[in-house]
Structure formats: C-alpha cells, structure tokens
Amino acid sequence: MKAKFVSVLLAASVLAGAGIWVGGADASAETALPLVYEAAGKLTESERLTYTPAEDKGVSGNALSVKVFLKNTYNYGFPASFSVTSGDREYIWSKTVGTAAGIRYEGVDGTAGKSAEALQWNSMGFLEIPYLFYGEIILPFADLENGAGAEITSVSEFSVGITASVNSNFASGDTWTADGISLYLFDVSCVTLDDDGNPSGYEEIADFCGADADDVRLSADAENAEPEGALRTATEEDYAVFEAFNAAYYAACDTQGDMKIIEDFEADEAFSDIGAERVASELHDKFYLSGQLSDYSVAAGGVEGNALHYNLDSSVYDAGKNSYAGVHFNFAREDATDWSGAKGITVYVENTADYLVSFALEIFQYNLETGLLEQYNLNDVGQKYKTVYAYNVETGEEFSYHTQTFTRVPAGFKGWIRIPFSQYAAPAWSTSPTYGNEGVLDFDKNPVVKISVTRLFNANQDTEIILDDIALYYSDFGVGSLFDDSRPSIRECIESGSIA
C-alpha cells in the first residue's frame, strides 16, 4: 500500500501591502516559496509549530487572524489548536462549546469573493477546520479559554498544533491506518473587529514565505517525545497544487441524464498543468483507510477513464479483529456537498468475481447546528431488508432486489446500482449521546461531505470491486417493466433524463 504523508505548508503574502500571495502560475511575479511540514504515516503524538519573532510584536487589535488552506486525508474536519504568548503567559483558544468565525476566500488572492463560514469546536476542545477551507480563521481574544477578555498588547510567540488522531494502536479504538493533512498557513495578524465582527486594521505578526525552516520550531506535545515531522521548503509544484484545489472547489459537478456526478475518480481540469506523477499521487492520497488492512488504486476501468479498484487480500486478514474494512474520501467540490432535491445515490459497479460480492456506500452529513459528522447507511433495526435497483449495461436487464446492511452485487455484474434515500438510516449506535447523531437526513439544511466504501472482509476475501461515477439521481424511475411504462427506465434516465 502506498505510504501517505502528513504535510503542513507555511506561507504568507509576498506583495508588500497587497495582502496576497502570488503563485507559480503568475510568471510576472516573483514567488516566495513557503515551508512545508510533513511526516510519513501516522502521527502518534500531537506536534506543534511555533514562530518566535525577533522581537515582541506590538499589537492593538482584539482578535487574531490566521490565513489557512486545508486539505486532509483522514477526516472531513481537521482538529487544530492555536495559541499566542503575550508577556510571560501563553493564551490558548480551546472551547468545548461555541463557534469560531471563518471567512472563506474564492480565488487565490481572495478578491473573487469572500463569505462567512461557521467553524466548530469539537468535544475535545479543538477547532475543526473544514476540508479544503481556504481563508481566514478569526479568533477573538474574548474567546480565549484561559484569559477571556485579555488585553493583549504584544505577541512574543504564535503556535499552531497539529493534532494526532488518537494513536497508531488499532486496539485503542482509533481505526485510521494513517493520518494525512496539508495545512497551508499564509500569515498571522492581529486584527480589529468592528461591531459586526468584520475584520479591519491588520497588524502582521508572522510572515513565513521565503522564511528559513529554522525560523519555525517543531516539537512534540508529549514529554520526551520526538516529532516525526520535518520542515522543508515548498516547491512551485506544491503551490500549483494549492491553486488547483482552490479552483476545483468552486467548479460545478458534471451531469449525465438525471445524475449529478459527485465523484468520478478523475483529476479536475485545474490540475492539467501539473505533472502526471504528482496528479496521480494527489488522486491516490485523497482516500484513506480504516479497519482491517485493505488496498485500493485509482486506475483505468469502469465507465471510462479512472475508477476505484478496492481489494481485500486474505494474506493480511487478522481474524482477531473486526472483519470491517473501509476506504473513505471527502468531496473536492462544494457542489458535490449539495444533495438537495436528489432522490437517491447511484454508482457504476463491476464485480470481477464469478460469485456474489458486497459493499456499502455510507454517507456522512455535517450537521451545521451541532458541528457533528453524522453517519448513515443501510444498517438499522427498523427495516431489516432494503430495496435497491440495478441496470446491467451488458445485458440491458433492469431489476430490483432485496439486500441488507451491505449491497450485494451479482457475479460478473457490470452496470448501475441505485439506492433510494428512503433505504438509509442512522445506525443505532450512532444515535447515542456519545456520537450525537440526530438521525434525520436533511439535505436542504445540511451538506453531505464524505463517503465511505466499506466491505466485510470475511465475506469478500480476495475479491476486487470496481466503482466509478458515484452520483446523485433526481428522477422517479421504473425498472424497465414491460407492463408499466408510466415512469422512465434507469437506462432512459441515464441517457436522456434531467436533474431539473
């Protein structure tokens, strides 16, 4: 299995007074490349990046502004910590309830548009930065947990904490097989908030573009622990990747018939000027694994172009652990998170085995009121048997059938499977107070931000399933019945339907 990397890019504005960072795509401007924090595999301890200016920075604002871009490969929201030191005291932003302000930028220089975005504090007291968030995190001094309302007139240090997802011991309850985050930190300023909470009057505290790696101290939070990460200078390719992700975030999803394709396993057009090797790496590393060891690749197959090939190899199976295995991904486009008006989810599937195999598409709704990621699948006690619909593109056959927690795929099947949202529910364990799942899929109110492809190892050993074009469908359909043509068939929906 290809190694994943944890990376944090530190950057800042390079045009004096302009407040923007000019990237590699703009040949007319000289680019100051940032620093990169990266560590292979899985962090076992949280680590901290600390910047100490040559002398204390005098400030007069009432909040901190931290400009960031985040992508990660182990969860939708990345838990981070922030602190400033003033005088001889460190002040930390850490709350178990409440929200923090975010200002999302559209366009790499922030001039194409800005919008407010609520950020959440999780139950452990860390601020969760959404996947692919690019913009400012506004941290009012009034929200400091250990000094609320403090009058901070100078800053002698600034720190950002990189939070390890528990530890590397599967038995401890942490099932992710690797961590992976990229946090681009552009600059840090003291800012004055007006009566409406809008920032003005920036006073720069830290500018990392063109800085030496030694300007940032790397440490592990645990006593006597050595950090696994290291600092290096970013490349122009690193910056081009940032630009591409930011551009892709605002691109509309492709459509086909009555389907909006929310994941096609292809690189967005914005990546066209980036080297093929780096693009292939980015495509692979957007996914992450959990549970039993499994393997996946993004390679040719499926409808056309790339598909997800997901394998379960019996040689690495551990019978002493839960049989579950999963591969997960977050959506790279904002449009993919909007499921309002859709009737259900569909996916192109190929079963390469000569016998039945199974998989599940689990969806994760981000509850904007609670700040919790809610899981929904076909596993609920109230409705044991689930109805799914299939269209075999090789035989032209359309049919419906019952399945249970996992969707069963007939031997040699190649085609589309449709699952109505009426078949989804919150699993019983997720509605406990620990998880806080409200159990209500509300696509008009909340975005869906993540999908898990899960399989049971003991039922699918040494099998590969190929998935392509995960999509939402918007039409009422039949299954090609000779006796009822009042509704279009699945094939007709795909070939000539509409999402309107």
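First, a word on what this report is: a plain description of the structure on this page. Note that the structure is a prediction, hence the values are computed from the model and not measured. (Residues numbered from 1 in each chain as written. Predicted model: local features only at pLDDT ≥ 70, side-chain atom pairs only at ≥ 80, totals over all residues. Heavy atoms only, no water.)

**A word on the overall build of the chain**
Note the threshold: Secondary structure counts use DSSP, requiring at least four H or I residues in a row for a helix and at least two E residues in a row for a strand, with both numbered from the N terminus. Burial here depends on accessible area, computed with a 1.4 Å probe over protein chains only, as a share of the maximum for the residue type. Under 20% is buried, over 50% is exposed, and the range in between is partly exposed. Contacts are residue-level and defined by heavy atoms, with any inter-residue pair within 4.5 Å sufficient. Computed with the Shrake-Rupley method and a 1.4 Å probe, the accessible areas treat only the protein chains shown as cover for residues.
Each helix and strand in the chain was counted, giving four helices and 32 strands. Taking all 500 residues of the chain together, the buried fraction comes to 53%. When contacts within the chain are restricted to residue pairs at least 6 apart in sequence, those whose partners lie at least 24 apart make up 77%. Surface summary for the chain: the accessible area is close to 21000 Å², and the carbon and sulfur share equals 47%.

**Considerations on the packing of aromatic side chains**
This is how it is decided: Ring pairs shown here join Phe, Tyr and Trp side chains whose ring centres sit within 6.5 Å, with only the six-membered ring taken for Trp; geometry is labelled stacked below 30 degrees between planes, edge-to-face above 60, and tilted in between. By definition here, charges over rings are those cases where NZ of Lys or CZ of Arg is within 6 Å of the ring centre and within 35 degrees of the ring normal.
The full count for this structure, using the stated rule, is 31 aromatic pairs. Seen from their ring centres, Tyr184 and Phe242 are 5.4 Å apart, and the 35° between their planes marks the pair as tilted. Highlighted residues: Tyr184 in strand S14 (residues 181-193) and Phe242 in helix H1 (residues 236-249), separated in sequence by 58 residues. Considered together, Tyr184 and Phe242 belong to a single accessibility category, that of buried residues. Seen from their ring centres, Tyr249 and Tyr250 are 5.0 Å apart, and the 85° between their planes marks the pair as edge-to-face. Relative accessible area serves as the criterion here: at 10%, Tyr249 is assigned to the buried category. The exposure class assigned to Tyr250 is partly exposed, which follows from its relative accessible area of 27%. Taken together, the aromatic side chains of Phe265, Phe287, Tyr296, Phe329, Phe331, Trp339, Phe421, Tyr424 and Phe443 make up a single cluster linked through ring pairs. The cationic tip of Lys286 hangs over the ring face of Phe287; the distance from NZ or CZ to the ring centre is 5.8 Å.

**Some thoughts on the pattern of salt bridges**
As a reminder, the rule being used: Whenever Lys or Arg places a side-chain nitrogen within 4 Å of a carboxyl oxygen from Asp or Glu, that contact is recorded as a salt bridge.
Here the structure, examined in full by the defined rule, presents 20 salt bridges. As a salt-bridge pair, Lys67 and Asp187 come within 3.7 Å of each other at their nearest N and O atoms. A residue pair is termed long-range when its members are at least 10 positions apart, and Lys67 in strand S5 (residues 63-72) and Asp187 in strand S14 qualify at 120 residues. Taking relative accessible area as the criterion, Asp187 reaches 4% and is therefore assigned buried. Close ionic contact of Lys321 with Asp318 constitutes a salt bridge, the shortest N to O distance being 4.0 Å. A single salt-bridge network, built from bridges that share partners, covers Lys71, Arg232, Glu237, Asp238, Arg278 and Glu282.

**Focus: H1**
We count it as follows: An expected span of 1.5 Å times one less than the residue number is assigned to each helix.
With 14 residues, H1 extends 20 Å between its outermost C-alpha atoms, agreeing within 8% with the 20 Å of an ideal straight helix rising 1.5 Å per residue. Counted residue by residue, H1 has 10 buried out of 14 residues, so it is predominantly covered. Every buried residue belonging to H1 is among Asp238, Tyr239, Val241, Phe242, Glu243, Ala244, Phe245, Asn246, Ala248 and Tyr249, and all of these are buried.

**Points about the pairing of strand S24 (residues 344-351)**
The test is simple: We treat two strands as partners when DSSP finds at least two bridges between them.
Of all eight residues that make up S24, eight are buried, and the element is covered over most of its length. Along S24, one buried face is formed by Gly344, Thr346, Tyr348 and Glu350 and the opposite face, lined by Ile345, Val347, Val349 and Asn351, is buried too. Bridge count between S24 and strand S32 (residues 463-473): seven bridges; the pairing is antiparallel. Among the inter-strand pairings, Gly344 is bridged to a residue of S32, identified as Tyr473. Pairing geometry for S24 and strand S30 (residues 414-420), over seven bridges, is antiparallel. Opposite Val347, over in S30, you have Ile417 as the bridge partner.

**Things to note about the environment of Tyr74**
Tracing the sequence through the fold places Tyr74 in the loop between S5 and strand S6 (77-86). Sequence separation of Tyr74 and Gly180 is 106 residues, and the distance between their C-alpha atoms is 5.8 Å.

**Focus: the pairing of strand S23 (residues 324-330)**
Each regular strand displays side chains that alternate between the two surfaces of the sheet. In terms of burial, S23 is largely enclosed, as six of its seven residues are buried. Judged from the five bridges that link them, strand S20 (residues 287-291) and S23 form a sheet pairing that is antiparallel. Counterpart to Phe287 in the pairing with S23 is Phe329. Across seven bridges, S23 lies against strand S31 (residues 448-456) in antiparallel orientation. Pairing of Asn330 across the sheet is with Lys450, part of S31.

**A word on the environment of Gly87**
With respect to the helices and strands, Gly87 occurs in the loop between S6 and strand S7 (89-93). For the pair formed by Gly87 and Asp56, sequence separation is 31 residues and the distance between their alpha carbons is 8.7 Å.

**Some thoughts on a negative patch on the surface**
Test applied: In this scheme, patches are assembled from residues that exceed 30% relative accessible area and form no salt bridge. Like charges are connected within 9 Å, while nonpolar side chains (Val, Leu, Ile, Met, Phe, Trp, Tyr) are connected within 5 Å. His is not counted here, nor are the chain ends, while Lys and Arg score as positive and Asp and Glu score as negative. We put the charge of a Lys on NZ, of an Arg on CZ, of an Asp on CG and of a Glu on CD.
Judged by side-chain charge, Glu106, Glu334, Asp338 and Asp444 come together as a negatively charged surface patch. Secondary-structure assignment places Asp338 in the loop between S23 and S24. For Asp338, a relative accessible area of 36% translates into the label partly exposed.

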